[in-house]
Amino acid sequence: MLLALDVGNSNIKNALFNGRELVASWRLATSFDKSSDEYGITLVQFLDHLHFGISDVDDVIISSVSPGLNYTMDRMIHTYFHRAPAFVSCRCNTGLTIAYDPPTSLGADRIANAVAAHTLYGGTCITVDFGTATTFGVVTEDGTFLGGAIAPGIRGSTDALVSRAAQLHRFDGHVAVVGYRDE
């Protein structure tokens, strides 16, 4: 099976695939304070909880937008899974042409989104990813990634709005408008 890790700014999304079938998925909070051993033990415990073991993992691929964790993830996979993980980058053979300049500045998350969208839907498509940042990408019918845009994420936008708008207040993770009733 393939273990896929999406190392984001806020969460590490993990998925286990048997061929193209998604078998399981789970999240871990992204933390620069954790060691490769802490991540490794946690990942092994998640697999055990799902009734899988290290020996069930044949390959590992990592998409990371947190370069400061790449060494930690690499060490963790080598130590606990005895594998050399593949890291998503513009240098990978994804089947897409990257028409983004410079291609090395294109995030692994945006590459993974483009590959997934084009594989699943074919044709011209637009990707939208609502994470710490909201990213948009455009893939042409022939599989060329043209580029896109990056905007603040929903939580960051909400936090900025609440901090700047006098009549908006946060409660239970939501935003409320404080107003009055004019009769």
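Quantities reported herein were computed from a predicted structural model and do not represent experimental measurements.

Caption draft 1: Layout of the environment of cysteine 90. Among the secondary structure elements, cysteine 90 is positioned in the loop between strand S5 (86-87) and strand S6 (97-98). The spacing of cysteine 90 and isoleucine 111 is 21 residues in sequence and 7.4 Å in space, taken between C-alpha atoms. When neighbours within four sequence positions are excluded, cysteine 90 is seen to be in contact with Ile98, Pro103, Thr104 and Ile111.

Caption draft 2: Spatial organisation of the nonpolar core. Counting residues in each nonpolar core, the largest one holds 21 residues, and the members touching the most others are Leu3, Leu5, Met73, Met76 and Phe81. Broken down by secondary-structure element, the contributors of at least two residues to this core are strand S1 (2-7), strand S2 (11-18), strand S3 (21-29), helix H1 (36-49), strand S4 (59-64) and helix H2 (67-81). When neighbours within four sequence positions are excluded, methionine 76 is seen to be in contact with Leu5, Ser36, Tyr39, Gly40, Leu43 and Phe81. Counting residues in each nonpolar core, the second largest holds ten residues, with Ala108, Ala114, Val139 and Phe145 among its members.

Caption draft 3: Region of the structure containing the packing of H1 against H2. One way to put it is that H1 packs onto H2 with a least axis distance of 8 Å and a crossing angle of 55 degrees. Classified by the angle their axes make, H1 and H2 are oblique. Crossing hand, H1 versus H2: right-handed. Seen from H1, the contacting residues are Ser36, Asp37, Tyr39, Gly40, Ile41, Leu43, Val44 and Leu47; seen from H2, they are Leu69, Thr72, Met73, Arg75, Met76, Thr79, Tyr80 and Phe81. Classifying every residue of the contact of H1 with H2 gives ten nonpolar, four polar and two charged.

Caption draft 4: Just the pairing of S4, in detail. By the bridge criterion, six bridges tie S1 to S4 in an arrangement that is parallel. The partner of valine 7 across the bridge, within S4, is serine 64. The pairing of S4 with S5 spans two bridges and is parallel. Residue isoleucine 62 lies in a different strand from S5, and its bridge partner there is phenylalanine 87. What joins S4 to S5 is H2, and the crossover it makes is right-handed.

Caption draft 5: Seen up close, the side chain of threonine 134. Mapped onto the elements of the fold, threonine 134 is located in strand S8 (residues 133-139). A distance of 3.3 Å separates the side chain of threonine 134 from the backbone oxygen of proline 152, its partner in a polar contact. Once residues within four sequence positions are removed from consideration, threonine 134 is found in contact with Val128, Asp129, Ala149, Ile150, Ala151, Pro152, Gly153 and Ile154.

Caption draft 6: Region of interest: a nonpolar patch on the surface. A cluster of nonpolar residues, Ile126, Val128, Phe130, Phe136 and Ile154, forms a patch on the protein surface that exposes about 510 Å² of accessible area. For the nonpolar patch, the leading source of residues is strand S7 (residues 125-130), giving three residues. Tracing the backbone shows isoleucine 126 in strand S7.

Caption draft 7: Focus on the sheet that holds S5. Sheet architecture is open: five strands sit in the order S3-S2-S1-S4-S5, paired in mixed fashion. At either margin of the open sheet sits one strand with a lone partner, and together these are S3 and S5. The sheet contacts of H1 involve S1, S2 and S3, and relative to S3 the element is tilted by about 140 degrees.

Caption draft 8: Inspection of unusual backbone geometry at higher detail. With an omega of -5 degrees, the peptide bond running from aspartate 101 to proline 102 counts as cis. Counting through the fold element by element, proline 102 comes out in the loop between S6 and helix H3 (108-121). Positive phi is not limited to glycine here, since histidine 82 has a value of about 55 degrees. Of the residues examined, histidine 82 reaches a relative accessible area of 60% and is grouped as exposed.

Analysis parameters
In every chain, residue numbers begin from 1 and rise along the written sequence. It should be noted that, the model being predicted, local features are given only for residues of pLDDT at least 70 and side-chain atom pairs only at 80 or more, the latter also being counted only at that level, while totals for whole chains, interfaces and linings use all residues. For the side-chain quantities, the full set of heavy atoms in the structure was used; hydrogens and water were omitted. Helix and strand labels come from DSSP, where a helix needs a run of H or I of at least four residues and a strand needs a run of E of at least two; each type is numbered from the N terminus. Should any heavy atoms of two residues lie within 4.5 Å, those residues are counted as being in contact. Residue types Ala, Val, Leu, Ile, Met, Phe, Trp, Tyr and Cys, when buried and joined through side-chain atoms within 4.5 Å, form a set referred to as a nonpolar core. Exposure classes here rest on a 1.4 Å probe applied to the protein chains alone. A residue is buried below 20% of its type maximum, exposed above 50%, and partly exposed in between. Axis lines are fitted through C-alpha atoms, for helices just across the contact stretch, and the angle between N-to-C directions can take any value from 0 to 180 degrees. Throughout, the term roughly parallel applies to angles under 35 degrees, roughly antiparallel to angles over 145, roughly perpendicular to angles from 65 to 115, and oblique to all others. Left-handed describes a crossing whose near helix is turned anticlockwise from the far helix by less than a right angle; the clockwise case is right-handed. In this classification, the charged set is Asp, Glu, Lys and Arg, the nonpolar set is Ala, Val, Leu, Ile, Met, Phe, Trp, Tyr, Cys and Pro, and all remaining amino acids, among them Gly, are polar. Each pair of strands is called paired provided DSSP finds at least two bridges between the two strands. We call a crossover right-handed when, viewed with the strands running away from us, the connection from the first strand over the helix to the second turns clockwise. Here a polar contact is taken to be a pair of N or O atoms separated by no more than 3.5 Å, where protein atoms must pair a possible hydrogen donor with a possible acceptor and residues adjacent in sequence count only if both atoms sit in side chains. Like charges within 9 Å and nonpolar side chains (Val, Leu, Ile, Met, Phe, Trp, Tyr) within 5 Å are joined into patches, using only residues over 30% in relative accessible area that form no salt bridge. Here the open area of atoms and residues is found with the Shrake-Rupley method and a 1.4 Å probe, where only the protein chains shown may cover a residue. Salt bridge, as used here, is a side-chain nitrogen of Lys or Arg placed within 4 Å of a carboxyl oxygen of Asp or Glu.

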